[in-house]
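Chains, contacts and geometry: an overview
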Amino acid sequence: MKLYEYLKNLNNCSKTRFFKFILVVMLLLCYSQCSKTTKKGGIIMEKLKVAVVGAGIYGQNHLNAFTWNPNADLVAVCDLNPAITEKVAKEYNVQTFNDIEDMLNSVDIDVVAVATPDPYHKDPTLAAIRHGKHVLVEKPLATNSEDAYEIIEAANKAGVRVMVDYHKRWDPASIAVKNKLNEELCGKPVRGYMRMDNIYDVALNWLSWSSKSSPVHFVGTHCYDLIRWYMGCEVTQVYAVGHKGILQSKGVDTYDTITAILEFENGCTWTVENAWILPDGFAKADDGCTEILCENTMIRVDSQKRGVEFFDSNKLSTPNVCFIQNYKGRYQGFGIDPINDFVNCIQNDIPFIADMYDGLEAELIAEAVHKSADTHQVVKIERKIKR
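First, a word on what this report is: a plain description of the structure on this page. (Residues numbered from 1 in each chain as written. Predicted model: local features only at pLDDT ≥ 70, side-chain atom pairs only at ≥ 80, totals over all residues. Heavy atoms only, no water.)

**A short note on the environment of Lys168**
Going by this rule: The numbering of helices and of strands both runs from the N terminus, where a helix is a DSSP run of H or I of at least 4 residues and a strand a run of E of at least 2. Exposure categories follow from relative accessible area, calculated using a 1.4 Å probe and restricted to protein chains: below 20% of the type maximum is buried, above 50% is exposed, and the middle band is partly exposed. Here a polar contact means two N or O atoms within 3.5 Å. Within protein one must be a hydrogen donor candidate and the other an acceptor candidate, and residues neighboring in sequence count only if both atoms are side-chain atoms.
Checked against the element boundaries, Lys168 lands in the loop between β8 (162–165) and α8 (172–181). Residue Lys168 is classed as buried on the basis of its relative accessible area of 11%. Residues Lys168 and Phe323, 155 residues apart in the sequence, show an inter-C-alpha distance of 9.2 Å. Separated by 3.1 Å, the side chains of Lys168 and Asp171 make a polar contact.

**A word on the sheet that holds strand β19 (residues 379–380)**
As a reminder, the rule being used: By this definition, two strands are paired if DSSP reports at least two bridges between them. Should any heavy atoms of two residues lie within 4.5 Å, those residues are counted as being in contact. The angle between two axes is taken between their N-to-C directions and runs from 0 to 180 degrees, where each axis is a line fitted to C-alpha atoms and a helix contributes only its stretch in contact.
Ordered by their spatial adjacency, 7 strands build an open sheet running β14-β13-β9-β12-β11-β10-β19, and the pairing between neighbours is mixed. Each edge of the open sheet is held by one strand with a lone partner, namely β14 (298–302) and β19. When strand β10 (residues 235–243) meets β19, the two strands line up antiparallel, connected through 2 bridges. Within the sheet, the bridge partner assigned to Gln237 lies in β19 and is Lys380. Along the sheet face, helix α10 (residues 215–231) touches β9 (189–199), β11 (257–264), β12 (269–278) and β13 (286–294) and points at about 155° away from the line of β12. Relative to the sheet, helix α12 (residues 356–375) contacts β10, β11 and β19, its axis offset from that of β10 by approximately 50°.

**Observations concerning the environment of Lys49**
Secondary-structure assignment places Lys49 in strand β3 (residues 48–53). The exposure class assigned to Lys49 is partly exposed, which follows from its relative accessible area of 22%. In this structure the C-alpha to C-alpha distance between Lys49 and Val111, which are 62 residues apart in sequence, comes to 6.5 Å.

**Points about the nonpolar core**
Counted only if it meets this: Residue types Ala, Val, Leu, Ile, Met, Phe, Trp, Tyr and Cys, when buried and joined through side-chain atoms within 4.5 Å, form a set referred to as a nonpolar core.
Counting residues in each nonpolar core, the largest one holds 84 residues, and the members touching the most others are Met103, Tyr230, Leu262, Trp270 and Val369. For Val369, the residues in contact, after removing those within four places along its chain, are Val216, Tyr224, Val238, Ala240, Ile258, Ala260 and Leu262. One finds Val77, Val88, Trp170 and Phe334 within the second-largest nonpolar core, a separate group that totals 28 residues.

**Here's the deal with the pattern of salt bridges**
For side chains bearing opposite charge, pairing can occur when the charged atoms are close. The condition is simple: Definition used for salt bridges: Asp or Glu carboxyl oxygen within 4 Å of a side-chain nitrogen of Lys or Arg.
Counted according to the given criterion, the structure contains 22 salt bridges. Salt-bridge contacts for Arg228 lead to Asp358; the nearest nitrogen and oxygen are separated by 3.3 Å. Pair noted here: Arg228 is in helix α10 and Asp358 is in helix α12, with a separation of 130 residues, a long-range link. For the pair Arg228 and Asp358, one class covers both residues: buried. The salt bridge partner of Asp286 is Lys284, with a shortest N-O separation of 2.7 Å. Among the charged side chains, a network of salt bridges with common partners joins Arg169, Asp225, Arg228, Glu234 and Asp358.

**Observations regarding the layout of surface pockets**
Cut-off, in case you're wondering: Points on a 1 Å grid over protein atoms alone make up a cavity when a 1.4 Å probe fits among them but cannot get out, and a pocket when they form an open set with protein on both sides within 12 Å along at least five of seven lines; lining residues each have an atom within 4 Å of a point. Grid points are joined across faces, edges and corners, and a volume is the space filled by probe spheres set on the points. Throughout, the ten residues Ala, Val, Leu, Ile, Met, Phe, Trp, Tyr, Cys and Pro are labelled nonpolar, Asp, Glu, Lys and Arg are labelled charged, and all others, Gly among them, are labelled polar.
In this structure, the second largest pocket spans a volume of roughly 240 Å³. If you go around the second largest pocket, the residues you meet are Ser145, Glu146, Tyr149, Leu364, Glu367, Ala368, Lys371, Val379, Lys380, Ile381, Glu382 and Lys384. Looking at the lining of the second largest pocket, the elements with two or more residues in it are α7 (145–158), α12 and β19. Considering every element that reaches the lining of the second largest pocket, the biggest residue donor is α12, with 4 residues. For the lining of the second largest pocket, a count of residues per class yields 5 nonpolar, 1 polar and 6 charged.

**Remarks on the pairing of β3**
The test is simple: By the criterion used throughout, a crossover qualifies as right-handed when its path from the first strand across the helix to the second strand runs clockwise, the strands pointing away from the viewer.
Within β3, 5 of the 6 residues are buried, which leaves it mostly tucked inside the rest of the structure. Examined bridge by bridge, β3 and strand β4 (residues 72–78) share 6 bridges and lie parallel to one another. Opposite Lys49, over in β4, you have Asp73 as the bridge partner. In terms of handedness, the path from β3 via helix α3 (residues 59–68) over to β4 forms a crossover that is right-handed. Taken together, the 4 bridges between β3 and strand β6 (residues 111–114) define a ladder with parallel strand orientation. Bridge pairing links Val50 to Val111 in β6.

Below, the structure written as structure tokens:
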């Protein structure tokens, strides 16, 4: 007989009411405990208690990913903007804060995801580390190498782990390229080309802090990280040229475009182009492609066309259907996968696909590219620490 039917049929006496009360309390306690755990491989695991810092453009993806992840429990959100936290509290039914120290001192948290604007990753990351929390940082790890070194030193001293969300490593097209390059018959990579550009709107309207960043830091570091992953080795030196003036005339003091040549330890040379001045009428907010010439193989990737086109009276749109898709609250795609992977890696103590040392290497390249573009000199990559 089901428990509900049993309770329904009990005699209405004081002793019966007492036992009914006890059973209801036990059921509520069981439900409460189950809501905090998840079963994986026959083992009951505690859900990770997650806090997100930064609930702006990309922070929303973290909120959605952690809310949907059965192994995570979104317990707190911090943002400097009270209007944002007020909206998040209503929409996600979660405790919110406008000061990270208040949040870390008030809530029981296992891990922290940092999705603040690019130039402001260091302080919340170091705060989480000081409190002994593992951290997921949106790319780039930092916008200068000194900040990246400081984060690594603090994490190692505190014994916590830091992952960087270079989500292009989770792109099915990138994984296919990586697997192809690992095939012996592919041969040695000799030359590569990668382009990733954004429309004007990104620098002029999306990002209030674009003058503190550049196409190199915003999209270029995606390229540098992905190419390092493909090559399986490090950059030795770079040479870069850039153009300024167009965005400056519109009030944003940064490069319009930068072209960089990267030389790798394996002898392969890559040309990387990044810009923030694609026309706003372009089919989507970004454009990208890759070509790799190997000893026995030629590889081409068109990241702009993903097989879906939308037409209306204004323009053609080519959405990146692999990035993030939401169907009835179920978020999926390679923009969500690394966030879920972070949870899995922490719960099961397995290596990150992109860690803080990967974040450092991408920033060292970005720094060298900027220095080369400014000085018109070849810049060698110098490293203070190794993995």
